[in-house]
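Architecture at a glance
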Amino acid sequence: MQSPETCPECGADWSDGQTCQDRFHQMLFWEAERPEIGVVHHLMVLCHHLQHPSLYSEDGLRYSRKLLDDFVANGVTPEEARRRNREAVSSENRHWKVTARPDSVGAYERPIHWTMTSADVVARGIDNYVHSVGEWAQSVYDALRAADEADARS
Ligand SMILES: [Zn+2]
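Residues numbered from 1 in each chain as written. Predicted model: local features only at pLDDT ≥ 70, side-chain atom pairs only at ≥ 80, totals over all residues.

1. Points about the overall build of the protein
Secondary structure summary: the protein contains six helices and zero strands in total. Each helix (α) and strand (β) of the protein, taken in turn from the N terminus, gives the series α-α-α-α-α-α. What you see for the protein is a C-alpha radius of gyration of 16 Å, in line with the 15 Å of a compact globule of 154 residues. Along the first, second and third principal axes, the C-alpha set of the protein runs to 45 × 40 × 30 Å. (Helix = DSSP H or I, 4+ residues; strand = E, 2+ residues; numbered from the N terminus. Rg over C-alpha atoms; globule rule 2.2 N^0.38 Å.)

2. Focus on the nonpolar core
Among the nonpolar cores identified, the biggest contains 25 residues, and Leu43, Cys47, Leu68, Val133, Trp136, Ala137 and Val140 are the most heavily contacted of them. Apart from the residues lying within four places of it in its own chain, the contact partners of Cys47 are Trp136, Ala137 and Val140. (Core = buried A, V, L, I, M, F, W, Y, C linked by C-beta atoms within 7 Å. Buried ≥ 20, exposed ≤ 12 C-beta atoms within 10 Å, placed from the backbone. Contact = placed C-beta atoms within 7 Å.)

3. A short note on the packing of helix 2 (residues 41-50) against helix 3 (residues 58-72)
Contact geometry of helix 2 with helix 3 gives a least axis separation of 10 Å together with a crossing angle of 140°. The angle between helix 2 and helix 3 falls in the class oblique. Classified by chirality, the crossing of helix 3 by helix 2 is left-handed. Side by side, helix 2 and helix 3 meet where His42, Leu43, Leu46, His49 and Leu50 of the first sit next to Ser64, Arg65, Leu67, Leu68 and Phe71 of the second. (Axes fitted to C-alpha atoms, helices over the stretch in contact; angles between N-to-C directions. Parallel < 35°, antiparallel > 145°, perpendicular 65-115°, else oblique. Left-handed = near helix turned anticlockwise from the far one by under 90°.)

4. Description of the confidence of the model for the protein
Looking at the protein, pLDDT values average 91 and 92% of them are 70 or higher. Mean pLDDT in the protein bottoms out at helix 4 (residues 78-89), which sits at 77, and peaks at helix 5 (residues 118-124), which reaches 98. (pLDDT = per-residue confidence, 0-100.)

5. Side note on helix 6 (residues 129-153)
For helix 6, which comprises 25 residues, the first-to-last C-alpha distance of 36 Å matches the rise-based estimate of 36 Å (1.5 Å per residue) to within 8%. Turning to helix 6, the residues buried within the fold contact helix 1 (20-33), helix 2, helix 3 and helix 5. (Expected span 1.5 Å × (residues − 1).)

6. Quick notes on the packing of helix 3 against helix 6
Two packed helices can be described by the angle between their axes and the distance between those axes. Following both chains from N to C, one finds helix 3 and helix 6 inclined at 120°, their axes separated by 10 Å at the closest point. Judged by the inter-axis angle, helix 3 sits oblique to helix 6. Of the two possible hands of crossing, helix 3 and helix 6 adopt the one that is left-handed. Residues Arg65, Leu68, Phe71 and Val72 of helix 3 form the contact with helix 6, whose participating residues are Ala137, Gln138, Val140, Tyr141 and Leu144. Class assignment of the residues belonging to the contact of helix 3 with helix 6 gives a composition of seven nonpolar, one polar and one charged. (Nonpolar A, V, L, I, M, F, W, Y, C, P; charged D, E, K, R; others polar.)

7. A few points about helix 3
Relative to the 21 Å expected for 15 residues at 1.5 Å per residue, helix 3 spans 21 Å between its end C-alpha atoms, a close match to the ideal helical length. Structurally, helix 3 contributes buried residues whose contacts are with helix 2 and helix 6.

8. Re the environment of Asp16
Among the structural elements, Asp16 can be located in the segment before helix 1. C-alpha separation for the pair Asp16 and Glu5, spaced 11 residues apart in sequence, amounts to 8.5 Å.

9. Remarks on the environment of Ala107
As for its placement among the helices and strands, Ala107 is situated in the loop between helix 4 and helix 5. Between the C-alpha atoms of Ala107 and Tyr56, which are 51 residues apart in sequence, the distance is 8.3 Å. Excluding its chain neighbours within four sequence positions, the residues that come into contact with Ala107 are Pro53 and Ser54.

What follows is the structure, given as structure tokens:
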């Protein structure tokens, strides 16, 4: 079987042999190499997962969209989000799982038109990483908002 040329979830180009999973690991590697660029780690992990919703359970996807809203639109810091959500997500209180399981796999109601993917972030290189991830997070936020608005109209 021939491997796909583009990602079935986010639409990123895989023709250079790099999958989204490979790029996710590349970005983690960069963050390990230069700890100062890890300031955007929370956004990178969220963007990667939100563009691959099948990694999440349905509840996990909902929760993570809310988290992205908090970071991008409401200027919440990762520390603040952690503190605020500690109650909600502590394992004793949480009756749902973040990651996908056979009976609950995250999905969007309709295909989302992503304008940027991890392929763009990786292509721009480690020196632009912090800026690129910020732009990526904004683009993911905008794409999800646009889809919500289209849903509201239909
Ligand atoms: Zn992808």
